[in-house]
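The chain contents come next:
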Number of protein chains: 2
Amino acid sequence: MTRIVTVGAAQLGPTGRHEPRSAVVKRMLEMMRAAKAAGCDLIVYPEVALTTFFPRWWMEDQAEIDSFFEREMPGPETLPLFEECLKLGIGMSFGYAELTEEEGRIRHFNTSILVDKKARIVGKYRKIHLPGHADNRSQFELQHLEKRYFETGNLGFGAWRTMGGVMGMCICNDRRWPETYRVLGLQGAELIMLGYNTPTNIPWEPIYDHLTDFHNHLCMQSGAYQNSTWVVGVAKAGLEEGSDFIGGSCIVAPSGEIVAMASTRADELITFRCDLDLARHNKETMFNFALNREPQAYGRIVEQKAAEPPAEEAQPIAEPLAGKQAAE
Amino acid sequence: MTRIVTVGAAQLGPTGRHEPRSAVVKRMLEMMRAAKAAGCDLIVYPEVALTTFFPRWWMEDQAEIDSFFEREMPGPETLPLFEECLKLGIGMSFGYAELTEEEGRIRHFNTSILVDKKARIVGKYRKIHLPGHADNRSQFELQHLEKRYFETGNLGFGAWRTMGGVMGMCICNDRRWPETYRVLGLQGAELIMLGYNTPTNIPWEPIYDHLTDFHNHLCMQSGAYQNSTWVVGVAKAGLEEGSDFIGGSCIVAPSGEIVAMASTRADELITFRCDLDLARHNKETMFNFALNREPQAYGRIVEQKAAEPPAEEAQPIAEPLAGKQAAE
């Protein structure tokens, strides 16, 4: 059996602070046409695809902050993406900063959507693992203020049966948390899409800066293998307003192998014919959850948030040589 | 700050069906002395270290089955390991098949213990993720009957404060499950020890046989990184009674990097000066659980065992171009 979904991972190069959405959408449309020409069923763009990655700046003017958010999806500037989807008969996923009124107040989320080949929005996800900080760390030229500008996503991790398979989404820092892939795997995800904006430097903890690309791939590869799913990871890459972003956009097979990877840190499309039926192998054997998971032993994962190390030195269970002395 | 625990990973080559425990213990003692000479504080041996890996055979004679199990720890044959620990002032961990009477009946577990420098047993773990099958698959020359010969571990995943750090254990197939590392990480584990017997061939699902070493390391590296802990993985390696076992014993840093790896598939000691304080970096930043985990979104991990894919095609959330037709 084969169940091919040809996927395009549409890495975007940097976007300037004052680059209008129309210019970004133009770049995205060019890649969408290239994807269709390459036989793609689905094109995946990065997190916060429509603007520069603004959480690097401390801002206090709410109007300035909100200028990076979308109040409707599609709006006038993003409608051409949907029109092109319908025209070409291609699905798409992209991330954007979402401003919405819910529960009687204005709310801000880091969101991604899944759009089918008829340009219908069939899935929506709001980022759950917000990285960085909410306080002003003005000693650093570039901050990471996602915890300031966004609320924690309130839609859970969702997976949708569409376009011939079960599709899941997550965003950027979510990919470092094995819980993300597992909650999607428990919904049978066969293909997980995610975008990221990942700087090569964390100023307040630079110890692992040289390993940023390794960690990016390590998390996606293990998440793919351990849940037997395709993972499509798409970067905003390159030097953007002083932020040096990794590239490394990739398509990971359910084996955990990277089967396609971007070669630049600019706008670049990579494609792969993903056979969703490959995801079945380990779902039915090694990672047959029904047969092999042991949830009775996983309680701490939901019962506690923080680590709780043992306070006391371990007490001996047995002292087979009690009373005997070491020779030394 | 540094908090060095020098660890020896004592890979064992194959052990024959009729090789007596005394011969294996002799090999283990030689490696323990070499470890001490190399400055080790702790030596880690593989899963079911004392005998051949018997779950490859379908057996029906309970006496024959039980001949591979330990009824006491230490017993006469394993006492020399404890005596040498005390003499040398070195800690150790090893796995063995455990036969015990609990709740009024004979029980069988795949167990590992942690022994401190005074030869006291301070930690005990019984394998939770039993791989393989319980039925007789006699069409295959070599089976994998852990689900037949062992009960699921009933002690949970434990971590113990001992020998200068917080130490966790798991066994073989446990390492493929991200829940294992997370439950240990939530107990503050700074060093996780595990042994494995991993064949290069799974006869009923050979599709990923060529990736066995990659998967072995992928799981341990991601588990180490995502929980910011050292991981020490120790193989029973080489051609044992027709089973071709991978080697690849390794010590993984909290960065996810493999910092030491075995070069053979025989008895081989590798050592590394593990600074447990390195585990603190990401525990306090990227993987600061108190700050960054979102357990309210992880419910499925404990609420369901099996995958539950959506039965129905996803319903549109929005149809911005409803009524419009594709050009084609």
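In this numbering scheme, every chain counts its residues from 1 along its sequence in written order. To label them, take the chains in the order written and letter them from A, then take the ligands in the order written and number them from 1. Given that the model is predicted, a residue must reach a pLDDT of at least 70 before its local features are reported, and side-chain atom pairs must reach 80 or more before they are shown or counted; all residues, however, enter totals for whole chains, interfaces and linings. The side-chain figures draw on all heavy atoms in the structure; neither hydrogens nor water molecules are used.

Named according to an unreviewed UniProt entry, chain A is N-carbamoyl-D-amino-acid hydrolase originating from Marinibaculum pumilum.

## Some remarks on the UniProt feature "domain: CN hydrolase" (unreviewed entry) in chain A
Convention followed: UniProt positions are given in the numbering used here, feature names are shortened, and annotations may be inferred rather than shown by experiment. Helix and strand definitions here come from DSSP, where helices need a minimum of 4 consecutive H or I residues and strands a minimum of 2 consecutive E residues; each element is numbered from the N-terminal end.
UniProt records the feature "domain: CN hydrolase" (unreviewed entry) for residues 5–278 of chain A in the present numbering. Each end of residues 5–278 of chain A is marked by a C-alpha atom, and these two atoms are 11 Å apart; helix forms 22% of the span and strand 30%.

## Digging into the sheet that holds strand β8 (residues 191–196) of chain A
All names here are of chain A. This is how it is decided: Any two strands are treated as partners once DSSP identifies two or more bridges connecting them. Axis definition: a line fit to C-alpha positions, over the contact stretch in the case of helices; interaxial angles, taken between N-to-C directions, run 0 to 180 degrees. In this analysis, two residues are considered to be in contact whenever any of their non-hydrogen atoms come within 4.5 Å of each other.
Ordered by their spatial adjacency, 6 strands build an open sheet running β6-β7-β8-β9-β12-β13, and the pairing between neighbours is mixed. The open sheet has two edge strands with one neighbour each: β6 (159–162) and β13 (258–261). Taken over all neighbouring pairs, the strand axes of this sheet differ in orientation by 20 degrees on average, direction set aside. Relative to strand β12 (residues 250–252), strand β9 (residues 230–235) runs antiparallel, the two being bridged by 3 bridges. Bridge assignment links Gly233 to a residue of β12, and that residue is Cys250. Set on the sheet, helix α6 (residues 212–227) makes contact with β8, β9, β12 and β13; between it and β12 the angle comes to about 30 degrees.

## What about the interface of chain B and chain A?
Under the convention used in this document: Accessible surface is computed with a 1.4 Å probe, and the buried area is the amount of it that two parts give up when combined, taken over both parts together. What makes a salt bridge here is a side-chain nitrogen of Lys or Arg within 4 Å of a carboxyl oxygen of Asp or Glu, nothing more.
Chain B puts 97 residues into the contact, and the matching count from chain A is 97 residues. Per-residue buried area on chain B facing chain A is highest for Arg161, Trp177 and Lys305 of chain B; these three make up 8% of the total on that side. The tally of links from chain B across to chain A stands at 4 salt bridges. One salt bridge in this structure joins Glu179 of chain A and Arg293 of chain B, with 3.0 Å as the shortest N-O distance.

## Things to note about the sheet that holds strand β6 (residues 159–162) of chain B
All names here are of chain B. Spatial ordering of the open sheet is given by β6-β7-β8-β9-β12-β13, a layout of 6 strands whose pairing is mixed. Two strands in the sheet have a free side with no partner beyond their single neighbour: β6 and β13 (258–261). When strand polarity is set aside, the average angle formed by the axes of neighbouring strands in this sheet is 20 degrees. Helix α6 (residues 212–227) contacts β8 (191–196), β9 (230–235), β12 (250–252) and β13 of the sheet and is inclined by roughly 30 degrees relative to β12.

## Quick notes on the side chain of His108 of chain B
All names here are of chain B. Note the cut-off: Each residue's exposure class comes from its accessible area (1.4 Å probe, protein chains only) as a fraction of the maximum for that residue type: buried when under 20%, exposed when over 50%, partly exposed otherwise. The definition of a polar contact used here is a pair of N or O atoms within 3.5 Å, where within protein one atom must be able to donate a hydrogen and the other to accept one, and adjacent residues in sequence count solely through side-chain atom pairs.
With respect to the element layout, His108 can be found in strand β4 (residues 105–115). Accessibility expressed as a relative area gives 13% for His108, which makes it buried. One polar contact links His108 to Asp66, side chain to side chain, over a distance of 2.8 Å. Residues contacting His108, with those up to four places away along its chain left out, are Gln62, Asp66, Phe69, Glu98, Leu99, Tyr149, Phe150 and Glu151.

## Quick notes on the relation of the copies chain B and chain A
To keep things clear, this is the line we draw: The copies were overlaid by least squares, fitting only the C-alpha atoms of residues that reach a pLDDT of 70 or more in each copy.
Overlaying chain B with chain A gives an RMSD of 0.0 Å, the required rotation being 180 degrees about an axis along which the chain moves by 0.0 Å. The two molecules are tied by a two-fold rotation axis, judged by turn and shift. Counting the interface residues of chain B, we find that 100% of their copies in chain A are interface residues as well, pointing to one common contact surface.

## Some words on empty space enclosed by the protein
Residue and element names in this part refer to chain A. Threshold: Of the two site types, the cavity is a set of points on a 1 Å grid over the protein atoms alone where a 1.4 Å probe fits but cannot get out, and the pocket is an open set with protein on both sides within 12 Å along at least five of seven lines, each lined by residues with an atom within 4 Å of a point. Grid points are joined across faces, edges and corners, and a volume is the space filled by probe spheres set on the points. Classification convention: Asp, Glu, Lys, Arg as charged; Ala, Val, Leu, Ile, Met, Phe, Trp, Tyr, Cys, Pro as nonpolar; all other residues, Gly among them, as polar.
Inspection of every chain in the model, using the stated rule, returns 4 cavities of 30 Å³ or more. The computed volume of the largest cavity comes to approximately 70 Å³. The set of elements that each furnish at least two residues to the lining of the largest cavity consists of β3 (91–102), β7 (165–171) and β8. Considered class by class, the residues forming the lining of the largest cavity number 9 nonpolar, 4 polar and 1 charged.

## Structural notes on the packing of α6 of chain A against α6 of chain B
This is how it is decided: Note on terminology: angles under 35 degrees are roughly parallel, angles over 145 are roughly antiparallel, angles of 65 to 115 are roughly perpendicular, and the others are oblique. A clockwise turn of the near helix away from the far one marks a right-handed crossing, whereas an anticlockwise turn of less than a right angle marks a left-handed crossing.
It is the contact of α6 of chain A with α6 of chain B, at a shortest axis distance of 9 Å, that shows an interaxial angle of 120 degrees. In terms of orientation, α6 of chain A and α6 of chain B fall into the oblique class. Taken as a pair, α6 of chain A and α6 of chain B cross one another with a handedness that is left-handed. Along the contact surface, α6 of chain A presents Phe214, His215, Leu218, Cys219, Gln221, Ser222, Tyr225 and Gln226 of chain A, while α6 of chain B presents Phe214, His215, Leu218, Cys219, Gln221, Ser222, Tyr225 and Gln226 of chain B.

## Quick look at the pattern of salt bridges
Residues and elements named next belong to chain B. Per the counting criterion, the structure on display carries 54 salt bridges over all chains. Measuring nitrogen to oxygen at the nearest pair gives 2.6 Å for the salt bridge that ties Lys124 to Glu98. Note that Lys124 is positioned in strand β5 (residues 121–126) and Glu98 in strand β3 (residues 91–102), a separation of 26 residues in sequence. Its relative accessible area of 22% is what places Lys124 among the partly exposed residues. Relative accessible area serves as the criterion here: at 5%, Glu98 is assigned to the buried category. Salt-bridge contacts for Arg280 lead to Glu284; the nearest nitrogen and oxygen are separated by 3.2 Å. A residue pair is termed a helical-turn pair when its members lie 3 or 4 positions apart in one helix, as Arg280 and Glu284 do in helix α7 (residues 278–284) at 4 residues.

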